[in-house]
Amino acid sequence: MCGAKIMKKKTRKIIVGDKEYLYVINQKYNNHSSNISLKVSLEGFKNLTCTFQFFTWDDPITGSPLLVGVSLKNKETNNKEFFNINYPRTIREFILYGLENGWTGENKIEFQDGIDIIGKMGYEVSWLKP
């Protein structure tokens, strides 16, 4: 496959606490690597996003592990848990992470290593790195 392909974006809504957020997930993939971005904004502040970048491998048959979902080992419980970036509970975790790490909903912030953040959430992630 030559050239990068881009997944269509679709804005979705989620309520966390008492606030409504909008989010969109984009993917670019090229030569067996996947670049996913998750952009979140507070309702009414569309241009003040909290962005997470995820760089991982991409399988030509199954696709990007974060988009199709994977079993990740929870380091605390040693149990495998299904992780999918499209799931509302996953989006909620990232919104809370952003809010706890400098994002107010009324400022722009970008986290370059989303895979590392998944690790900070308690999951074994080394095998996700390209």
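A quick note: this is a predicted structure, and the numbers were derived from the prediction, not measured.

Across all of its chains, the model carries two salt bridges by this definition. For Glu20, the salt bridge identified is with Lys13, shortest N-O distance 3.6 Å. A relative accessible area of 29% means that Glu20 is categorised as partly exposed. Note on Lys13: relative accessible area 59%, which makes it exposed.

Counting buried positions over the 10 residues of strand 4 (residues 33-42) gives seven, a clear majority of the element. As judged from the 10 bridges shared by strand 3 (residues 19-30) and strand 4, these two strands associate in the antiparallel manner. Directly across from Gln27, in strand 4, lies its bridge partner Ile36. The antiparallel hairpin formed by strand 3 and strand 4 contains two residues in its connecting segment, where Asn31 sits at a positive phi of about 50°. Where strand 4 meets strand 5 (residues 50-57), eight bridges bridge the pair, whose relative direction is antiparallel. Residue pairing across strands places Val40 opposite Cys50, the latter belonging to strand 5.

Time to look at the side chain of Ser64. Counting through the fold element by element, Ser64 comes out in the loop between strand 5 and helix 1 (65-68). Look at Ser64 and you get buried, because its relative accessible area is 2%. Those residues within four positions of Ser64 in sequence are excluded, and the remaining contacts are Gln27, Ser34, Ile36, Thr56, Trp57 and Asp58.

It is worth spelling out the packing of aromatic side chains at this point. Across all of its chains, the model carries nine aromatic pairs by this definition. Ring geometry for Tyr21 and Trp103: centres 5.8 Å apart, planes at 45°, overall tilted. Here Trp103 lies in the loop between helix 2 (88-100) and strand 8 (109-111) and Tyr21 lies in strand 3, a separation of 82 residues in the sequence. There is no split in this pair, since Tyr21 and Trp103 are both buried. Geometrically, the ring pair formed by Phe52 and Phe111 is stacked, given 5.1 Å between the ring centres and 15° between the ring planes. In this pair, Phe52 sits in strand 5 while Phe111 sits in strand 8, placing the two residues 59 residues apart along the sequence. Assigned by exposure class, Phe52 and Phe111 land together as buried. Among the aromatic residues, those joined into a cluster by ring pairs are Phe52, Phe54, Phe94, Tyr97 and Phe111.

What counts, and where the lines are drawn
Residues numbered from 1 in each chain as written. Predicted model: local features only at pLDDT ≥ 70, side-chain atom pairs only at ≥ 80, totals over all residues. Heavy atoms only, no water. Salt bridge = Lys/Arg side-chain N within 4 Å of Asp/Glu carboxyl O. Buried < 20%, exposed > 50% of the residue type's maximum accessible area, 1.4 Å probe, protein only. Helix = DSSP H or I, 4+ residues; strand = E, 2+ residues; numbered from the N terminus. Pairing = 2+ DSSP bridges. Contact = heavy atoms within 4.5 Å. Phe/Tyr/Trp six-rings, centres within 6.5 Å; stacked < 30°, edge-to-face > 60°.

By themselves, these are just geometric observations and shouldn't be taken as functional.
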